[in-house]
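Descriptive structure summary
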Amino acid sequence: MKNNNAMKLSFDDALLVTLFGTKDRKDTMDRLAAVCTVFPEEELRTKAFILKEQIGQISDFVWPELLRQTKWNMDNSIGLDRYSWDMEAEVDEDDDLDDEDDAYGC
């Protein structure tokens, strides 16, 4: 059975949920309400307000799992591990990373 009431989050919405979401749905809504007043761009304020209203329609039972899945997805999408690399693999053989002599004078 398909759930027509499922909430679909855009990337921006998921980012806002990741940044300001808590396990308590009402606390998340309070945080988003505060964010609505401090964002300098009207577009961001509007997105935060609409997201707050959408979260208000979700049950307290469903919210913790939606938050968990959203944070997991965002971590996989923009996690630092994805963009890191092995520094040793890029070191040239001629490069001396340690300009100082070691304790044994070598």
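Our structure is the block above this text.
The text that follows walks through the structure, step by step, so that each part is easy to find. (Residues numbered from 1 in each chain as written. Predicted model: local features only at pLDDT ≥ 70, side-chain atom pairs only at ≥ 80, totals over all residues. Heavy atoms only, no water.)

Examining helix α4 (residues 63-78)
Helix length check: α4, at 16 residues, gives a terminal C-alpha distance of 22 Å against a target of 22 Å (1.5 Å per residue), a fit within 8%. Taken together, the buried positions of α4 are occupied by Trp-63, Leu-66, Leu-67, Thr-70 and Met-74. Viewed end-on, α4 has its buried residues packed into an arc of 100 degrees, placing them on one side of the element. Summarising the geometry of α4, the exposed residues directed more than 90 degrees from the buried face are Trp-72 and Asp-75. On its buried side, α4 packs onto α1 (11-20), α2 (25-38) and α3 (42-56). (Helix = DSSP H or I, 4+ residues; strand = E, 2+ residues; numbered from the N terminus. Expected span 1.5 Å × (residues − 1). Buried < 20%, exposed > 50% of the residue type's maximum accessible area, 1.4 Å probe, protein only. Arc of directions from axis to C-beta. Contact = heavy atoms within 4.5 Å.)

Thoughts on the pattern of salt bridges
A side chain of one charge can pair with a side chain of the opposite charge when the charged atoms of the two come close. Per the stated rule, a full pass over the model turns up 5 salt bridges. In this structure, Asp-60 engages Arg-25 in a salt bridge whose closest nitrogen and oxygen atoms are separated by 2.6 Å. Placement of Asp-60 in the loop between α3 and α4 and of Arg-25 in helix α2 is noted, with a sequence separation of 35 residues between them. On the basis of relative accessible area, Arg-25 is assigned to the buried category, the value being 11%. Ionic pairing is found between Glu-65 and Arg-68, a salt bridge with its closest N-O pair at 2.6 Å. One end of the pair, Glu-65, and the other, Arg-68, are both in helix α4, 3 residues apart, so they sit about a helical turn from each other. Under the relative-accessibility criterion, Glu-65 is labelled partly exposed at 34%. (Salt bridge = Lys/Arg side-chain N within 4 Å of Asp/Glu carboxyl O.)

Observations concerning the nonpolar core
One broad rule of soluble globular proteins: the nonpolar side chains tend to lie buried together. Grouped together as the largest cluster of nonpolar side chains are 13 residues, with contacts concentrated most on Leu-16, Val-17, Leu-32, Ala-48, Leu-51, Ile-55 and Trp-63. Among the elements of the structure, α1, α2, α3 and α4 are those that each provide at least two residues to this core. Sorting elements by how many residues they give to this core places α2 first, with 4 residues. Dropping the residues within four chain positions of it, Leu-51 is found in contact with Met-7, Leu-9, Asp-13, Leu-16, Val-17 and Leu-32. (Core = buried A, V, L, I, M, F, W, Y, C linked by side-chain atoms within 4.5 Å.)

Focus: the packing of α2 against α3
Across the interface, α2 lies against α3 with an axial gap of 8 Å and an inter-helix angle of 160 degrees. In terms of orientation, α2 lies roughly antiparallel with respect to α3. Here α2 runs over α3; the crossing is left-handed. From α2, Arg-25, Thr-28, Met-29, Leu-32, Ala-33, Val-35 and Cys-36 reach across to α3, where they touch Arg-45, Ala-48, Phe-49, Leu-51, Lys-52, Ile-55 and Gly-56. The residue makeup of the contact of α2 with α3, split by class, is 9 nonpolar, 2 polar and 3 charged. (Axes fitted to C-alpha atoms, helices over the stretch in contact; angles between N-to-C directions. Parallel < 35°, antiparallel > 145°, perpendicular 65-115°, else oblique. Left-handed = near helix turned anticlockwise from the far one by under 90°. Nonpolar A, V, L, I, M, F, W, Y, C, P; charged D, E, K, R; others polar.)

Observations regarding the environment of Asp-75
For Asp-75, the position within the fold is in helix α4. On a C-alpha basis, the gap between Asp-75 and Leu-15 in space is 10.0 Å, while along the polypeptide they are 60 residues apart.

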